[in-house]
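# Report on the structure
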Amino acid sequence: MAFPLRWLLICIAWLLAGALYLRTPVISPSGDFVEATTAAPSTQRAPAFQKTIVNPGQGLPMVHVASLATMSGGIEAAVWYGGSAECAPDVKIYLSESEHGEQWSSPRVIMTRERAEHDLGRPLQSVGNAILISESQGGLRLVFVTIAMGRWSGSQLNTSVSKDGGITWSQAERMTLSPFFNFSELVRNRAVSLDSGGWCVPIYQEFLGKFPELLWVNENHGHLEYRKSRIAGGCSTFQPSLVPLDAKSSLVFLRDYTDNRRVFISRSDDGGWIWSKPAPTQLPNPDSGISGLKLNDGKLLLAYNASTSCRDNLVLAISNDQGATWKKLVTLEHEVGSTFSYPFLSRSSDGSINLAYTRKRKEIALTKFNEAWIAEALDSLSKIQGEAPHP
Amino acid sequence: MSATLLHTLYAGLAPWLALSLLLIGRNPYLSRTRVIGSLLLAFFLLRIPVGGWSSFAWCRTLEMNPSFTLTGLLCIALWQRLSGKAIFRREDWRVAWIFGAIAALTLYPMGLGLTSLDPYTWGWGPAVAIFTAICSTALLIRSNRFGVILILALGGSLLHLQESGNFWDALMDPFYGATSLVGCGYLLLKRARSSIGSCNHLDFQRH
């Protein structure tokens, strides 16, 4: 290689590297968690609890993995997927809306395999888990799983935006998050907003390993910027539920894939960048989804299956010491031989708490309650256990 | 040209080059008809509909982001095959396989969850691009032509030719990684055989 040509090529290499350096978007965990500091106080002072079915009479052989978001105007939106079976080609993603979490609109299809194939320009096997993010500009972002081949290990994450309350959706965009054929990234739990305007979305991988990750998303002049960080590696815990404690500190609760059969917990005090090694809590987990939420008084609420072997119950537990110890608060569902799974806790615009979950794989159920109801349940529990009343 | 179309066109380049190389084969007598026919046949084979989608669309389902290193190496292999000139010398190919094998062993086991450390996340920052520029400089100083391929990766990433914005995808893909590991395995085997051969030769002389 001639001497001047060699040095010209070296100059080009460094110019390109310099340009790439300048172009790198700053979407690391630079923002503080917003959810922890802006949880709306409940407007209802009297204990309130109600249970509704989001999709009564939908009549699908299988529905699963509900998630919630509050749209502009305080309207609640729920999404879930349904079809003949998990990963089947006929699975569709449905959306339903409600003004106060009582009467839900008829479910309407917002994403199908065919629509995703058209948008992404490649054949797909199915669509799957989806979550909604209510953006600050009034938009609604859908983050959803498509399955390219096989089952969940052959999945990828995609996103689409609606500017009209979920009626029409933008062309779906694929996110490349894994080095090996972009296998296999999934989403399930609630995203947390950042003060930088972005979002932190708990995601997980289940291909050779099963482990939890965080996806950091930011929209910059209509262009989606993203990157991810890892909570833990290996093949032991996944499906993280992110619960910010304050602007920088947060916990994740993790589904267990080991023989421990416990809910695992990990903590970060630097805005979600470095995490402690996941440790088992006292709560059982039959390798099933969980969801956590911080209450206004600092207590933590967790929805989970209180069993090491089956999903025949759904229970709320509460912790007063940032997840170190737990009290079983109330059993919401229990029926031997049935399944109540994939809880999703979120807070509505009036400050009350919504819990969506899959009921017997046929229905999406939603319970709505307030913190006064939790305090009352805690008092009842204290009386039964002969403890001092809840302050 | 929309970004989606650009990504699709780029993603089609590597499968077309690979298929063309396979169709041209190792026949030493290359006529112009055979070359043009092979290139066209490779194009049309990628357009064959399978289950309502072209075979290229099925390729995209598996790998949407062929690396610039793989695409560059395929270009060079095809050009060498057609022109009969050695653009890449033996040491250039050797470095290409060693680089690919080291990158694959760094990226894939940890990227797929072996440890809590995820090197794939480095690709969203400038670190991997700067490391690539350092490698390219070192190779070009030693007159190794694989350094030029690494510049292609830097340029391609800057031009957003891939769907992915992660620089690792500009540098590596599972096909390049697997080929590099096989190539390095072959190199190691060859070296082991030659050292065993020279030992036997020395033993024979001693006796």
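Residues numbered from 1 in each chain as written. Chains lettered and ligands numbered in written order. Predicted model: local features only at pLDDT ≥ 70, side-chain atom pairs only at ≥ 80, totals over all residues.

Here the focus is the overall build of chain A. Summing up its helical and strand segments, chain A has three helices and 25 strands in all. By the compact-globule yardstick of 21 Å for 391 residues, chain A fits well, its C-alpha radius of gyration being 22 Å. Sorting the 391 residues of chain A into buried and exposed places 52% on the buried side. Looking at chain A alone, contacts between residues at least 24 apart form 49% of all its contacts between residues at least 6 apart. (Helix = DSSP H or I, 4+ residues; strand = E, 2+ residues; numbered from the N terminus. Rg over C-alpha atoms; globule rule 2.2 N^0.38 Å. Buried ≥ 20, exposed ≤ 12 C-beta atoms within 10 Å, placed from the backbone. Contact = placed C-beta atoms within 7 Å.)

Here we take up the overall build of chain B. Helix and strand content of chain B: nine helices and two strands. In terms of overall dimensions, chain B has C-alpha extents of about 70 × 50 × 35 Å along its principal axes. Residues counted as buried form 39% of the 207 residues belonging to chain B. The long-range fraction of contacts in chain B, counting pairs at least 24 apart against all pairs at least 6 apart in sequence, stands at 68%.

This part covers the packing of helix α4 (residues 68-83) of chain B against helix α7 (residues 146-158) of chain B. Residues and elements named next belong to chain B. Viewed as axis vectors pointing N to C, α4 and α7 meet at an angle of 130 degrees, and their least axial separation amounts to 8 Å. Judged by the angle between their axes, α4 and α7 are oblique. Every pair of crossing elements has a handedness; the one defined by α4 and α7 is right-handed. Along its contact with α4, which presents Phe-68, Thr-69, Gly-72 and Leu-73, the element α7 presents Ile-149, Leu-152, Ala-153 and Gly-156. Across the contact of α4 with α7, the residue classes tally to five nonpolar, three polar and no charged. (Axes fitted to C-alpha atoms, helices over the stretch in contact; angles between N-to-C directions. Parallel < 35°, antiparallel > 145°, perpendicular 65-115°, else oblique. Left-handed = near helix turned anticlockwise from the far one by under 90°. Nonpolar A, V, L, I, M, F, W, Y, C, P; charged D, E, K, R; others polar.)

All names here are of chain A. Spatial ordering of the open sheet is given by β15-β16-β17-β18, a layout of four strands whose pairing is antiparallel. Across the chains shown, the open sheet's two edge strands, defined by having one partner strand only, are β15 (237-244) and β18 (279-284). Across this sheet, the average inter-strand angle for adjacent strands is 30 degrees, counted without regard to direction. Bridge count for strand β17 (residues 262-268) against β18 is three bridges, and the pairing is antiparallel. Residue pairing for β18: Arg-262 is matched across the bridge by Pro-284. (Pairing = 2+ DSSP bridges.)

In this complex, chain B contributes 47 residues to the contact, which on the side of chain A involves 36 residues. Top contributing element to the side of chain B that touches chain A by residue count: α7 of chain B, with seven residues. Its residues assigned to classes, the side of chain B that touches chain A comprises 23 nonpolar, 19 polar and five charged.

Now for the nonpolar core. All names here are of chain A. With 98 residues, the main nonpolar core has Ala-66, Ala-78, Val-79 and Ala-356 as its most contacted residues. With six residues, the top contributor of residues to this core is strand β7 (residues 140-147). Residues lining this core come from more than one domain, with at least three contributed by each of domain 1 (54-187) and domain 2 (244-385). Every residue in contact with Val-79, bar those within four places of it in the chain, is listed here: Ser-67, Ile-93, Tyr-94, Leu-95, Ala-130, Leu-132 and Leu-142. (Core = buried A, V, L, I, M, F, W, Y, C linked by C-beta atoms within 7 Å. Domains from an automatic or database assignment.)

Moving on to the domain arrangement of chain B. Residue and element names in this part refer to chain B. Taken domain by domain, chain B consists of domain 1 (1-64) and domain 2 (87-207). Spacing between the C-alpha centres of domain 1 and domain 2 amounts to 25 Å. Listed as interface residues are six residues of domain 1 and, on the opposing side, six residues of domain 2. Of the residues that constitute the side of domain 1 that touches domain 2, the class distribution is four nonpolar, one polar and one charged.

The share of residues in chain A with pLDDT of 70 or more is 94%, and the mean pLDDT across the chain is 89. When the elements of chain A are averaged for pLDDT, helix α3 (residues 371-385) of chain A gives the smallest value, 86, and strand β20 (residues 300-304) of chain A the largest, 96. (pLDDT = per-residue confidence, 0-100.)

Before going further, it helps to examine the sheet that holds strand β6 (residues 126-134) of chain A. Residues and elements named next belong to chain A. An order of β6-β7-β8-β9 is seen for the four strands of this open sheet, with the pairing classed as antiparallel. Edge positions in the sheet fall to β6 and β9 (173-175), since each of these pairs with one other strand and no more. Taken over all neighbouring pairs, the strand axes of this sheet differ in orientation by 30 degrees on average, direction set aside. Contacts from helix α2 (residues 113-120) reach β6, β7, β8 (155-162) and β9, with the element oriented near 80 degrees to β6.

Moving on, we get to the pairing of strand β12 (residues 199-206) of chain A. All names here are of chain A. Taking burial as the measure, the eight residues of β12 include eight buried ones, the bulk of the element. Burial of β12 is two-sided: the residues Trp-199, Val-201, Ile-203 and Gln-205 facing one way and the residues Cys-200, Pro-202, Tyr-204 and Glu-206 facing the other way are all buried. Pairing geometry for strand β10 (residues 185-187) and β12, over three bridges, is antiparallel. Paired with Leu-186 across the two strands is Tyr-204, which belongs to β12. Both strand β11 (residues 192-193) and β12 contribute to a ladder of two bridges, which runs antiparallel.

Bringing α7 of chain B into the picture now. Taking 1.5 Å per residue as the helical rise, α7 of chain B with its 13 residues ought to reach 18 Å, and the 19 Å between its terminal C-alpha atoms agrees with that figure. Considering only its buried residues, α7 of chain B is in contact with α1 (3-23) of chain A together with α4, α5 (90-111), α6 (127-141) and α8 (167-171) of chain B. Positive backbone phi, at 55 degrees, marks His-160 of chain B, one or two positions downstream of α7 of chain B. (Expected span 1.5 Å × (residues − 1).)

This part covers unusual backbone geometry. Residue and element names in this part refer to chain A. The peptide bond linking Phe-183 to Ser-184 adopts the cis configuration, its omega dihedral lying at -25 degrees. Position of Ser-184 among the secondary structure elements: in the loop between β9 and β10. Positive phi is not limited to glycine here, since Gln-239 has a value of about 50 degrees. Structurally, Gln-239 is set in strand β15.

This part is about the domain arrangement of chain A. Residue and element names in this part refer to chain A. Entries for chain A in the domain assignment read domain 1 (54-187) and domain 2 (244-385). One C-alpha centre belongs to domain 1, the other to domain 2; they are set 23 Å apart. Listed by partner, the interface residues are 15 residues for domain 1 and 16 residues for domain 2. Among the secondary structure elements, those contributing two or more residues to the side of domain 1 that touches domain 2 are β2 (62-70) and β3 (76-83). A breakdown of the residues in the side of domain 1 that touches domain 2 according to their chemical character gives eight nonpolar, six polar and one charged.

All names here are of chain B. In this model, α5 (22 residues) spans 31 Å end to end at C-alpha, consistent with the 32 Å of a helix rising 1.5 Å per residue. Residues of α5 that are buried: Asp-92, Val-95, Ala-96, Trp-97, Phe-99, Gly-100, Ala-101, Ala-103, Ala-104, Leu-107, Tyr-108 and Gly-111. Positive phi appears at Gly-113, one or two residues downstream of α5, with a value of about 105 degrees.

Relative to the helices and strands, Gly-185 of chain B resides in helix α9 (residues 174-206). By C-beta crowding, Gly-185 of chain B is classed as exposed, having 12 other C-beta atoms within 10 Å.

Residues and elements named next belong to chain A. β6 sits mainly inside the fold: nine of its nine residues count as buried. Where β6 and β7 come together, seven bridges link them in antiparallel fashion. Note that in β7 the partner of Val-127 across the bridge is Thr-146. Between β6 and β7, which pair antiparallel one after the other, the connecting turn spans five residues, and Gly-138 there sits at a positive phi close to 95 degrees.

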